[in-house]
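# What the coordinates show
Residues per chain are reported as follows:
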Amino acid sequence: MQHPTRSGLAHHWSLDENCVFLNHGSFGATPVEIQKEQRTWQQKLEHEPVRFYEDLAMGFMEATRSALAGFVHCDPDDLALVENATTGVNTILRSLTFNEGDEILVPDHAYQACRNAIDFVAERWGAVVVTVNIPFPIDEPSTVIDLIMAGVSERTVLAMIDTVTSPTGLLMPFERLVELLEGKGVSVLLDAAHGIGMIPLHLDEMGASYTTSNCHKWLCAPKGSAFLHVRKDHQEKIHPLTISHGMTFPLGDTTRFRHEFDWTGTRDISAWCSIPATIDCMAEMIDGGWPAIMQHNHDLAMKGREILCDRLGIEAPCPESMISCIATMMLPPGELGGIPLHEPDPLHSVLQEKYGIQVPVWSWDSPKGRYFRISAQLYNHEDEYHYLAEALATELGL
Ligand SMILES: Cc1ncc(COP(=O)(O)O)c(C=O)c1O
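Criteria and cut-off values
- Residues numbered from 1 in each chain as written.
- Predicted model: local features only at pLDDT ≥ 70, side-chain atom pairs only at ≥ 80, totals over all residues.
- Heavy atoms only, no water.
- Helix = DSSP H or I, 4+ residues; strand = E, 2+ residues; numbered from the N terminus.
- Buried < 20%, exposed > 50% of the residue type's maximum accessible area, 1.4 Å probe, protein only.
- Contact = heavy atoms within 4.5 Å.
- Areas by Shrake-Rupley, 256 points an atom, 1.4 Å probe, with all protein chains shown as cover.
- Lys, Arg positive; Asp, Glu negative; His and termini not counted.
- Charge placed at Lys NZ, Arg CZ, Asp CG, Glu CD.
- 1 Å grid on protein atoms, 1.4 Å probe; cavity = no way out; pocket = protein on both sides within 12 Å on 5 of 7 lines; lining within 4 Å.
- Points joined across faces, edges and corners; volume = space filled by probe spheres on them.
- Nonpolar A, V, L, I, M, F, W, Y, C, P; charged D, E, K, R; others polar.
- Near = heavy atom within 4 Å.
- Polar contact = N/O pair within 3.5 Å; in protein donor to acceptor, adjacent residues only side chain to side chain.
- Domains from an automatic or database assignment.
- Buried area = accessible area lost by both parts, 1.4 Å probe.
- Salt bridge = Lys/Arg side-chain N within 4 Å of Asp/Glu carboxyl O.
- Pairing = 2+ DSSP bridges.
- Axes fitted to C-alpha atoms, helices over the stretch in contact; angles between N-to-C directions.

## Quick word on the overall build of the protein
Scanning the protein for helices and strands turns up 14 helices and 12 strands. For the protein, the spread of C-alpha atoms along the principal axes amounts to about 70 × 55 × 35 Å. The proportion of buried residues among the 398 residues of the protein is 57%. Long-range pairs, those at least 24 residues apart, make up 71% of the contacts in the protein with a sequence separation of at least 6. Of the roughly 16800 Å² that the protein leaves accessible, carbon and sulfur atoms contribute 51%. Taken together, the 27 basic and 54 acidic charged side chains of the protein have centroids lying 3 Å from each other.

Shown next as structure tokens:
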């Protein structure tokens, strides 16, 4: 099979030319210019470490928070810079206190690492985890709303909702869910790991209690860059996972929340410092900037899904309104199912080794089947989905 055409923008990334990279969703990928930007920050740090940390770092982090706040429409003072969404979720869960019997609501499509954190905390406090089963395939967003709201009881205190689910790639009706849940007095922890750079976020208007989002995924910032947004009325009870000097710094004209999150010990802040340049660098790649990037990636994910469904003879499992820039599909029935999560799927290895394709393939129980998920980013080209479709058709004997 002939290797597919690359996108005209692929040269901005350092991705292996021999790899058909269709998995932006897992860890993102950072443009070369931003990799250089990060190195510049590291050099600045090493040029004079004491001056960097004691005199300059706070100002740099403030510039990053301001750039982020402009992007996700919130007060920069309500943002904390964290390494990743897992840390963001843990920070909230491990700061909160629960009464025995309190209920924490979570859909079964939640990211397992975050679900683990919920289970850990619930067990510690004697809280109850209520799992809401979301069907897949799914007909419309209102199905999610009805099922989640039906899971709310008088004891529900917290709900963890995804913007876009990891296993099933579903764009959730998260804004409406936040409105309904918060309206009922249920705090929402929005797992927007797939969020910034992928879909528009208006945090203040939305009003979720807590939101965490990865900048290293769809914003394409360096790895280890994410934010946590905490609504002002909750900030007093939320502490970083690492308690440090910030706990006792004289308050001055800032908040304890700011002090605590801005200093959690010596660490490499170069990924966060690179965020303002990342926002600009990506926006300059295509006419129309970020709105055009999001639209382009959505359209390409839809096109890719159509190509794959047509070639493999499978149904699209959700409407377009539930697709952002990733799309999960079920492999044709009769294929090997039941391969436990965390064990490499042989098909993934075959795609990687025989065809040079990087795409996740796994099995899952809800419902039982074998799935794969495509991503679409500026460096991808329509041809790459045709190439994947042909490879899958060959391997599955279609
Ligand atoms: C929905 C969701 N939540 C959380 C995460 C965790 O992200 P990280 O590993 O950057 O903490 C992911 C990663 O793919 C995800 O998809």
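## Here's the deal with unusual backbone geometry
For the bond from F136 to P137, the omega torsion is 0°, close enough to zero to count as cis. Looking at the element boundaries, P137 is found in the loop between β4 (128–132) and α6 (141–150). Positive phi is not limited to glycine here, since C220 has a value of about 70°. By secondary structure assignment, the location of C220 is in the loop between β7 (210–214) and β8 (226–230). Judged by its relative accessible area of 0%, C220 falls in the buried class.

## Some details on empty space enclosed by the protein
Under the counting rule described, the total for this entry stands at two cavities of 30 Å³ or more. Each pocket or cavity is described by its volume, and for the largest cavity that value is around 60 Å³. Tallied by class, the residues present in the lining of the largest cavity amount to six nonpolar, no polar and three charged. Put simply, the second largest cavity is a space of about 50 Å³.

## Thoughts on the site of the ligand
Lining the immediate environment of the ligand, one finds 13 residues, of which T86, D191, N214, H216 and K217 sit closest. K217 is positioned such that a nitrogen or oxygen atom in its side chain is 2.6 Å from an oxygen atom of the ligand. Notes on the ligand: free accessible area 400 Å², of which the protein chains cover 89%.

## Some points on the domain arrangement of the protein
Here the protein is described as being made up of domain 1 (10–22 + 288–395) and domain 2 (34–280). Of note, the centres of domain 1 and domain 2, computed from C-alpha atoms alone, are 27 Å apart. Roughly 2300 Å² is buried in total at the junction of domain 1 and domain 2, and carbon and sulfur atoms are behind 66% of that figure. Counting the surface domain 1 buries against domain 2, the share from its top three residues, W290, M294 and M322, is 30%. Between the two partners, domain 1 and domain 2, sit zero salt bridges. Of all the elements in the fold, those that place two or more residues in the side of domain 1 that touches domain 2 are α12 (289–312), β9 (326–330), β11 (361–365) and β12 (368–375). Residue classes in the side of domain 1 that touches domain 2 are distributed as 15 nonpolar, eight polar and one charged.

## Focus on the sheet that holds strand β3 (residues 103–107)
Here seven strands make up an open sheet; going across it, the order is β2-β8-β7-β6-β5-β3-β4 and the pairing mixed. Of all strands in the sheet, those with a lone pairing partner are β2 (79–82) and β4, marking the two edges. Averaged over all pairs of adjacent strands, the angle between strand axes in this sheet comes to 20°, irrespective of strand direction.

## Looking at the side chain of K217
By the element assignment, K217 lies in the loop between β7 and β8. An unpaired buried charge is present at K217: no salt bridge exists, and D191, the closest side chain of opposite charge, is 8.4 Å distant. At 2.7 Å, the side chain of K217 forms a polar contact with the backbone oxygen of S26. In this structure K217 touches H24, G25, S26, F27, G28, A193 and H194, once residues within four positions along its chain are discounted.

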